[in-house]
Amino acid sequence: MPKKILIIEDDRYLKELIVKKLKKEKFEVLEAVDGQEGFKKAKEEKPNLILLDLILPGTDGYTVLSQIKADPETSSIPVIIISNLGQIQEIQKGLKLGAVDYLIKAHFTPEKIIEKVKRFV
Amino acid sequence: MTKELKELKAELVAKTKKLKELSKTLDEQVKKRTKELEDSRRALMNILEDVQEAQKKTEEEKNKTLAVISNFTDGLLVFDKENKLSLINPQAEIFLEIKAKKVIGKSLSELGNFSNFPSLVRLLIKEDKEIFRKELTLKKNLILEISRVTIERPKKENETLVILHNITREKTVEKMKSDFVSLAAHQLRTPLSGIKWGLNMILEGDFGKITEEQKDILEKTYFTNERMITLIGELLDITRIEEGRFLYKSTKENIVEITEKVIDLLERIAQKQKIKIEFSIEEDIPEVKIDREKISFCIQNLIENAIIYNNPGGKVTILLKYDKTKNQILFSIKDTGIGILKDDQDRIFSKFFRGVLAMKKETVGSGLGLFVTKNVIEAHEGKIWFESEEGKGSTFYFTLPIT
């Protein structure tokens, strides 16, 4: 059974690249482009891990993360934040809300992101 | 009979004459006295006028002082020698949402019972001496900077003056700036991430094999993009750190650990330049209340300078000490580098200033590092200074008080 990864990311190009990389590594990939859709898919599909962007149209990443962590059906799914927000307060906020890791996109390559994903599934 | 009459008449004449003479002297005396009285009246009047004048002047002075105090844009509170409130100006009434007549004469602890006072009273009780620009969030949307000074007057018991300065606007602007930096970081980094990821995957062969020539060019493009990402990072750091005058938040931190982390971060750059970093600690260093991010920036900046403006094969010696008597931490960093010209030494902490030798060694540099560092250290009530000799190197010192 391939592991299921849900990626919630609104930038289509970045999503395309990471999806390609994940598929190449034999993951099953689910996609969402905004917060609501992301939370809905997390509940329905129960992925093994979620890659979550923070700045999203509508419900932002922090809110989605809180929802995921508050819902008993999804609270145990590890969430890795991938964002370009990089101030200490922002990182601390993400980790405090329950993310297992916080990756700044510009400082990580897709390769390194997959390495992190593998560590948590 | 005639004779008798004649005698009587003569006597009468004589008496009349005497009487006239007497009356004349009396007149003269009365006149003289009257004049004397007039004179003293005039003198008295003069004195009275002077007194009135002086009184008027005093009154005016008092009104002027009161007007200054009343119209002052800072809130002012004066406490007498028994620490009872003896004066509160209108601005302080507004800040604390209280009427003067309700609180005048109350002691510090009694004031704690009024709704907006507790946090201020806590601060005033906790610090027993002078207070210099301590930040206090009185309520939502009202951030004050509190100072306390002693009013010393000859032959009078000392009173204390507490000044409440509104810095809400500055803090709001700071918040806006921080939000802007956040947004800018995101907006600038996102397209750069796209370039980075795309190039990286092509280079990794995710989209098929590429020729050596293509690989070479793509690698160079990749590193150019990396430089751009680093540059944005640095720019954001500087903007975020601001001018360092405001502390974001203070927490108890272990400065040894912070220094070690920064050294780890810079070890690679140092090795590249063949520079050895030595770090030693004297005595146990207690934890100190600081804004971690800002102090990390200062330490990083000082170490970076010691590496960049050093000579290949040089040394950087960092020493942390705890001064028990002054209850403060002393950080010192010595390099064996180019040093600072005598002429440049006065301006080394100025904004955008770069020393002549530094510019010769490294063409790129913002001239902000030491400026921001000084502001941060002083915002922590510490001191920063240096010793330097051209061609021999520099030693920078800073202190952090443990409060």
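Residues numbered from 1 in each chain as written. Chains lettered and ligands numbered in written order. Predicted model: local features only at pLDDT ≥ 70, side-chain atom pairs only at ≥ 80, totals over all residues. Heavy atoms only, no water.

Enquirer: An account of the sheet that holds strand S9 (residues 315–323) of chain B is needed here, citing residue identities and associated values.
Expert: All names here are of chain B. The strand order across the open sheet formed by five strands is S7-S9-S10-S12-S11, and the pairing between neighbours is mixed. The strands lining the two open edges of the sheet, one partner per strand, are strand S7 (276–282) and strand S11 (384–389). Each strand of the sheet is rotated relative to its neighbour by a mean of 15°, with strand direction disregarded. Contacting S7, S9, strand S10 (328–335) and strand S12 (393–401), helix H8 (residues 255–272) crosses the sheet at an angle of about 170° to S7. (Pairing = 2+ DSSP bridges. Helix = DSSP H or I, 4+ residues; strand = E, 2+ residues; numbered from the N terminus. Axes fitted to C-alpha atoms, helices over the stretch in contact; angles between N-to-C directions. Contact = heavy atoms within 4.5 Å.)

Enquirer: Any chance you could break down the packing of helix H5 (residues 110–120) of chain A against helix H6 (residues 168–203) of chain B for me, citing the residues and the numbers?
Expert: At a minimum axis separation of 9 Å, H5 of chain A and H6 of chain B run at an interaxial angle of 85°. The orientation of H5 of chain A with respect to H6 of chain B, classified from their angle, is roughly perpendicular. Between H5 of chain A and H6 of chain B, the contacting residues are Pro110, Glu111 and Ile113 of chain A on the first element and Trp197, Asn200 and Met201 of chain B on the second. (Parallel < 35°, antiparallel > 145°, perpendicular 65-115°, else oblique.)

Enquirer: With reference to specific residues and values, describe the pairing of S11 of chain B.
Expert: Residue and element names in this part refer to chain B. The alternating pattern of S11 places Ile384, Phe386 and Ser388 on a buried face and Trp385, Glu387 and Glu389 on a face that is not buried. Direction of pairing for S11 relative to S12: antiparallel, over a ladder of six bridges. Counted as the bridge partner of Ile384 is Phe398 from S12. Connecting S11 to the antiparallel partner S12 that follows it, the hairpin turn spans three residues, and Gly391 within it adopts a positive phi of roughly 80°. (Buried < 20%, exposed > 50% of the residue type's maximum accessible area, 1.4 Å probe, protein only.)

Enquirer: Can you tell me about the interface of chain B and chain A, naming the residues and giving the values?
Expert: Facing the 24 residues of chain B at the interface are 27 residues of chain A. Summing both sides of the interface, chain B and chain A together bury roughly 2,300 Å²; the carbon and sulfur share of this comes to 59%. Per-residue buried area on chain B facing chain A is highest for His186, Arg189 and Trp197 of chain B; these three make up 31% of the total on that side. For the pair chain B and chain A, the number of links is two salt bridges. (Buried area = accessible area lost by both parts, 1.4 Å probe. Salt bridge = Lys/Arg side-chain N within 4 Å of Asp/Glu carboxyl O.)

Enquirer: Explain the packing of aromatic side chains residue by residue, including any values.
Expert: All names here are of chain B. Under the criterion given, the structure shown has seven aromatic pairs over all chains. Between the aromatic rings of Phe349 and Phe396, the centroid separation amounts to 6.3 Å while the plane-to-plane angle is 90°, which identifies the pairing as edge-to-face. With Phe349 in the loop between S10 and helix H10 (356–361) and Phe396 in strand S12, this residue pair connects regions lying 47 residues apart in the sequence. For the pair formed by Phe349 and Phe396, the shared burial category is buried. Relative to Phe396, the ring of Phe386 lies with its centre 5.2 Å away and its plane at 25°, an arrangement referred to as stacked. (Phe/Tyr/Trp six-rings, centres within 6.5 Å; stacked < 30°, edge-to-face > 60°.)

Enquirer: So what's going on with H8 of chain B? Which residues, and what values?
Expert: Residues and elements named next belong to chain B. The first and last C-alpha atoms of H8 sit 26 Å apart over 18 residues, in line with the 26 Å expected at 1.5 Å per residue. Along H8, the largest kink reaches about 45° and is centred on Leu266. For H8, the N-terminal cap is Asn254; the gap from its side-chain oxygen to the backbone nitrogen of Val256 is 2.9 Å. Note on H8: the residue one or two positions beyond its end, Lys274, has a positive phi of about 55°. (Expected span 1.5 Å × (residues − 1). Bend = angle between axes of the 7 residues up to and from the residue. Polar contact = N/O pair within 3.5 Å; in protein donor to acceptor, adjacent residues only side chain to side chain.)

Enquirer: Summarise the packing of H8 of chain B against helix H9 (residues 292–308) of chain B; cite the residues concerned and give the values.
Expert: All names here are of chain B. At a closest axis distance of 9 Å, the pairing of H8 and H9 adopts a crossing angle of 40°. Judged on the interaxial angle alone, H9 and H8 are oblique. The two elements H8 and H9 cross, and the hand of that crossing is right-handed. Contact residues: Ile255, Glu257, Ile258, Thr259, Lys261, Val262, Ile263, Leu265, Leu266, Ile269 and Ala270 in H8; Arg292, Ile295, Ser296, Ile299, Gln300, Ile303, Glu304 and Ile307 in H9. (Left-handed = near helix turned anticlockwise from the far one by under 90°.)

Enquirer: Let's hear about a nonpolar patch on the surface: which residues, and what values?
Expert: Taken together, Leu44, Ile47 and Val51 of chain B make up a surface patch of nonpolar side chains, about 300 Å² in accessible area. Along the chain, the position of Leu44 of chain B falls in helix H1 (residues 2–71). (Patch = residues over 30% accessible without salt bridge, like charges linked within 9 Å, V, L, I, M, F, W, Y side chains within 5 Å. Areas by Shrake-Rupley, 256 points an atom, 1.4 Å probe, with all protein chains shown as cover.)

Enquirer: Talk me through the environment of Ile281 of chain B; I want residue IDs and the actual numbers.
Expert: Residues and elements named next belong to chain B. Secondary-structure assignment places Ile281 in strand S7. Note on Ile281: relative accessible area 41%, which makes it partly exposed. Residues Ile281 and Leu320, 39 residues apart in the sequence, show an inter-C-alpha distance of 4.8 Å.

Enquirer: Explain the sheet that holds strand S5 (residues 159–166) of chain B to me, using residue names and the numbers behind them.
Expert: Residues and elements named next belong to chain B. Strand order in the open sheet formed by five strands is S2-S1-S5-S4-S3, with antiparallel pairing between adjacent strands. Each edge of the open sheet is held by one strand with a lone partner, namely strand S2 (85–88) and strand S3 (131–139). Here the average twist between neighbouring strands, direction ignored, is 25°. With eight bridges connecting them, strand S4 (residues 142–151) and S5 associate as antiparallel partners. Looking across to S5, one finds that Val149 is bridged to Leu161. Packing of helix H5 (residues 118–126) onto the sheet brings it into contact with strand S1 (75–79), S3, S4 and S5, and relative to S3 it is tilted by some 155°.

Enquirer: Can you lay out unusual backbone geometry for me, pointing to particular residues and giving the numbers?
Expert: If a residue is not glycine, its phi is most likely negative; likewise, a peptide bond is most likely trans. Residue and element names in this part refer to chain B. With phi around 50°, Glu97 is a residue other than glycine that occupies positive phi space. Position of Glu97 relative to the elements: it lies in the loop between helix H2 (90–96) and helix H3 (100–103). Positive phi, normally seen in glycine, also occurs at Glu381, with a value near 65°. Note that Glu381 resides in the loop between helix H11 (369–379) and S11. What makes Glu381 partly exposed here is its relative accessible area of 45%.

Enquirer: Explain the pairing of S1 of chain B residue by residue, including any values.
Expert: All names here are of chain B. Counting buried positions over the five residues of S1 gives five, a clear majority of the element. A two-sided burial pattern is seen for S1, the buried positions comprising Gly75, Leu77 and Phe79 on one face and Leu76 and Val78 on the other. Examined bridge by bridge, S1 and S5 share five bridges and lie antiparallel to one another. When the sheet's bridge partners are listed, Val78 is paired in S5 with Leu161. As judged from the three bridges shared by S1 and S2, these two strands associate in the antiparallel manner. Its bridge partner lying in S2, Leu77 is registered against Ile88. In textbook terms, the turn of a hairpin is the stretch between consecutive antiparallel strands, and for S1 and S2 this stretch comprises five residues, one of which, Asn83, has a positive phi near 65°.

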